[in-house]
Amino acid sequence: MNRAVVGVIAAGAVLGAALLVMPGIIGYSAENSLRTSLKTISQQGSYRIELVRFERGWFTSKAESRLIVEGEYARTLQQLMGMVTGDEFEVTFTHDIRHGPLLLHKIQPVIGIAFAKTDMRLPEGVETVLEKYLRGQPLLTFRTTFDFLGGSKTLIDNPEYMGEMGPHTSVEWDGASGRILAAKRAFSVTLDMPLFRLETSERMTLLRDMKVTGAQEKWGSHLWLGEIDARAAEVRLLHPEAGDAVDIEALGYRTAVTIDKADRLDASVSLGLDGGAFEGGRLGPSRWSLEVVDLSAPALDEAYGLYNKVLDKAGTPYEQQMLLDSFLDKSLTGLFDAPVAMKAGISLDVDSPFALYRGTTSIGVSGKNAEVAIAIDQTTDALDYGGWTMTDSRGQLRLSGLDGRMLGEIYADLVRFITLGMPDSQMEEEKALVFSEKLPAIIRPGTRLTLENVTINVPGGSVTANGDLGFTGDQPLNYADMDAVTRRLKGTGTARISQGALVWYLTRELLHERQMALAVEGREVDEDTLRLLARTSANSRILELERQAVIRRDGDGFVIEAALADGKVMLNGVPRPELAPAAP
């Protein structure tokens, strides 16, 4: 026989044998991979994932796994679903696995290690309630193709439904779909839910065009880098009996984590909406955000691993204490030994029958060499609440030189209170120590409070202010002698208030006083008359404040200059012993 023919036959035999042998090998590998994956993503604490069975075949395998939610999380889910509450809530996943290397997917041959179809099943009592919706189908189905490079592609879908789920409950559900692409240390996800509406005789909930997208890459042993975006075009909540209704437009949630070449980590999370309406009012564009910058990624990664061990609560109480101490040392106890900064921001636009507010608040915390500074920036575009009216106002508050290590100790104490489960008597003693000694110790000789560029615009005029307050000397503060501590306080402050603003403020306060007095006496006087009397009294009160040197006339307004030194207060150059700070 021709050698070439023999070679072809031999090669074909080898290839045929490989195709017959490889599925069995892949089935063995699939079982090990599934066990490893479930072990990796499962953690002791609020949930765990376990493999119940794996029936390995030559060309196909079947498996079953369970997601078990425990404790308060389980009871909360059971209450939401109207189930009898217990310590565990269980979701079952059934896996049908076809072994490669040659797979048929939608009648097309696909080369890959394996293809798995996974169905998600809720507890039997829940599926019985949802029978008309599910019609025997699983709540969610995952179809995953595994490639030879350790990656996978997962498609997600579930059935559509529109109709009655009970005598007084209707559901409209356009189904959900999605895709997850996974590699060894990275994944990306896209999930879409066009419409969900649940209506009962008591309430209605609606979500429209909800989408989740994200891409994550693992760094170190525990940290994930990347972004996650979740958005909904409309969220509507209605409770007719209570008269509550909320309608939100374009709700968005986003997280982002990045690491630079020096292994410093930046992270941010934000929640925003374009607008909305609620009973009697409206929401304009609003946003909540939190940013953390310049953290040590290796230290944070190690702290995360220690945190998981703390959750396991393994070992003796002494070992648990040592483990917790190690975690705290790697997290916030020594956090401010290196430069770090955190910033939280709130931008809010609310117009309701009770209040109107448009403004932005920014709170920043930064630390270096165990010194911590807090900065608060406030901008109020408009405010109308409880008789207070304000427009185009702003100001900054700075608190610098705080003891970062003591802040870390207090954080550590709070974590221990929660984690170690101390007896009530011991916990009360520890809390008393924190409030009596550690909290005051955050403030030290270098601590300063600064008020900068404050401008408040009210009806009739404006107020501006600046000030600075701190401690003299560099010796530690002895809080056992509070009189000595107050004598070390030194500061100055200046405020200027226009006459129109001062008249407006005093008129408002005096009007309120007269209304309260008349209410006690059971008499009624029309508001115009009361306002005229209050305004007249306000002008008299201004003259009295000038005579007392509380205010000093300056052009078309008044100035207040205050100074504090050696436990004494000077107001517009006049000693005011009654205003001096006193030890508690």
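Residues numbered from 1 in each chain as written. Predicted model: local features only at pLDDT ≥ 70, side-chain atom pairs only at ≥ 80, totals over all residues. Heavy atoms only, no water.

A. Layout of the environment of Ala233. Note that Ala233 resides in strand E14 (residues 223-239). Residues in contact with Ala233, not counting those within four places in the same chain, are Arg208, Asp209, Ile248, Glu249 and Ala250. (Helix = DSSP H or I, 4+ residues; strand = E, 2+ residues; numbered from the N terminus. Contact = heavy atoms within 4.5 Å.)

B. Up close: the confidence of the model for the protein. Across the protein, the average pLDDT comes to 80, with 80% of residues at 70 or higher. For the stretch residues 1-25, pLDDT sits under 50, and the model shows 15 contacts to residues farther than four places along the chain or on other chains. (pLDDT = per-residue confidence, 0-100.)

C. Examining the nonpolar core more closely. Ranked by internal contacts, the top residues of the largest apolar core, which has 20 residues, are Ile497, Leu502, Ile542, Ile551 and Phe558. Contributing elements (two or more residues each) for this core: helix H10 (499-521) and helix H11 (527-547). Among the elements that take part in this core, H10 stands out by supplying eight residues, more than any other. Residues contacting Leu502, with those up to four places away along its chain left out, are Ile497, Ile542, Ile551 and Phe558. In terms of nonpolar packing, the next biggest core, distinct from the first, is built from 11 residues, Val69, Ala74, Phe89 and Met120 among them. (Core = buried A, V, L, I, M, F, W, Y, C linked by side-chain atoms within 4.5 Å. Buried < 20%, exposed > 50% of the residue type's maximum accessible area, 1.4 Å probe, protein only.)

D. Up close: the packing of aromatic side chains. Inspection of the entire model under this criterion finds five aromatic pairs. When the ring of Phe187 is compared with that of Trp224, the centres are 5.5 Å apart and the planes differ by 65 degrees; the resulting orientation is edge-to-face. Of the two residues, Phe187 sits in strand E12 (residues 186-199) while Trp224 sits in strand E14, which places them 37 residues apart along the sequence. Residue Phe187 is classed as partly exposed on the basis of its relative accessible area of 29%. Pairing Trp388 with Trp504 gives two aromatic rings, centres 5.7 Å apart and planes at 65 degrees, and the pair type is edge-to-face. Placement of Trp388 in strand E22 (residues 388-403) and of Trp504 in helix H10 is noted, with a sequence separation of 116 residues between them. Among the residues examined, Trp388 registers a relative accessible area of 33% and is labelled partly exposed. Through a chain of ring-to-ring contacts, three or more aromatic side chains come together here, namely Trp388, Trp504 and Tyr505. (Phe/Tyr/Trp six-rings, centres within 6.5 Å; stacked < 30°, edge-to-face > 60°.)

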